[in-house]
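The residues making up each chain are set out below.
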Amino acid sequence: MNAGTVLGPDGRPRCAWGLSAPDYTAYHDEEWGVPVHGDDALFERLCLEAFQSGLSWITILRRREGFRRAFAGFRIEAVAAFGDGDRERLLADEGIIRNRAKVDATLANARLLADWAPGELDALIWSHAPDPETRPAPVSFADVPAVTDASTALAKALKKRGVRFVGPTTAYALMQACGLVDDHLAACAARAGGLRAPEDQRPR
């Protein structure tokens, strides 16, 4: 077994983190590294990565449905219409991370993005996807960066347009989660979507 991968119950190798907790397995196999398109879907991932800042991803993953309920399924137009009462509701909601700065950034970002043209967020984010031919598959976790020139450029571009609470590290986590890069290890069966059945659809 290559460094950083372990055999799953089906006998196929996975990145070790994908089997470190039951909550991670489906996310690892079916979502992480799989291309995500659509403004609302990308808004959700952008928000969740921002809420994850300073926390473990499993903390966010276990509250994902709570986040979706609280933020109207992360529909940009709906969240943009939230008022002061909604803000107070969110800050009292134990189903999410009740961080005032992150809640405020999410609401501000929704209002900003509601004024963008349809597909504009998608186009901006995906314009920063690096050429996969320039990215050899990581052999071990030591080969997986926390930040790259591309994520730094993406964070800069988003901030320039007024998007809040996104730095180079958060931007790189977004790139990993949304399939702009595939950081499954070389020996992992999930690399290039290898563990997803053909009929699978991107989770929403």
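Procedures and definitions
- Residues numbered from 1 in each chain as written.
- Predicted model: local features only at pLDDT ≥ 70, side-chain atom pairs only at ≥ 80, totals over all residues.
- Heavy atoms only, no water.
- Phe/Tyr/Trp six-rings, centres within 6.5 Å; stacked < 30°, edge-to-face > 60°.
- Helix = DSSP H or I, 4+ residues; strand = E, 2+ residues; numbered from the N terminus.
- Buried < 20%, exposed > 50% of the residue type's maximum accessible area, 1.4 Å probe, protein only.
- Lys NZ or Arg CZ within 6 Å of the ring centre and 35° of its normal.
- pLDDT = per-residue confidence, 0-100.
- Contact = heavy atoms within 4.5 Å.
- Core = buried A, V, L, I, M, F, W, Y, C linked by side-chain atoms within 4.5 Å.

- In the annotation of an unreviewed UniProt entry, the entry for the protein chain reads DNA-3-methyladenine glycosylase I, and the organism field reads Streptomyces termitum.

1. Some points on the packing of aromatic side chains
One pair of aromatic rings is described through two measures. These are the centre distance and the angle between the planes.
Move 1: Evaluated as defined, the whole model comprises nine aromatic pairs.
Move 2: Taken together, a centroid distance of 5.6 Å and an interplanar angle of 40° make the contact between Tyr27 and Trp57 tilted. One end of the pair, Tyr27, is in helix 1 (residues 22–30); the other, Trp57, is in helix 3 (residues 57–61), and 30 residues separate them in sequence.
Move 3: Judged by its relative accessible area of 4%, Tyr27 falls in the buried class.
Move 4: On the accessibility criterion, Trp57 (14% relative accessible area) is buried.
Move 5: Grouped by ring-pair contacts, the aromatic residues Trp17, Tyr24, Tyr27, Trp32 and Trp57 constitute a single cluster.
Move 6: The ring of Phe82 has Arg89 sitting right over it, with the charged end atom 5.2 Å from the ring centre.
Move 7: If you follow Arg161 out to its NZ or CZ, it ends over the ring of Trp116, 4.1 Å from the centre.

2. Brief notes about the confidence of the model for the protein chain
Move 1: Per-residue pLDDT for the protein chain averages 92, and the proportion of residues at 70 or more is 93%.
Move 2: Per-residue pLDDT stays below 50 along residues 198–204; that stretch engages in 16 contacts with residues further than four places along the chain or on separate chains.

3. What to know about the nonpolar core
Move 1: Counting 51 residues, the largest nonpolar core has Phe43, Phe67, Phe71, Leu90, Leu121 and Leu158 as the members making the most contacts within it.
Move 2: Top contributing element to this core by residue count: helix 2 (residues 39–52), with seven residues.
Move 3: For Leu121, the residues in contact, after removing those within four places along its chain, are Asp39, Leu42, Phe43, Leu113, Trp116 and Leu158.

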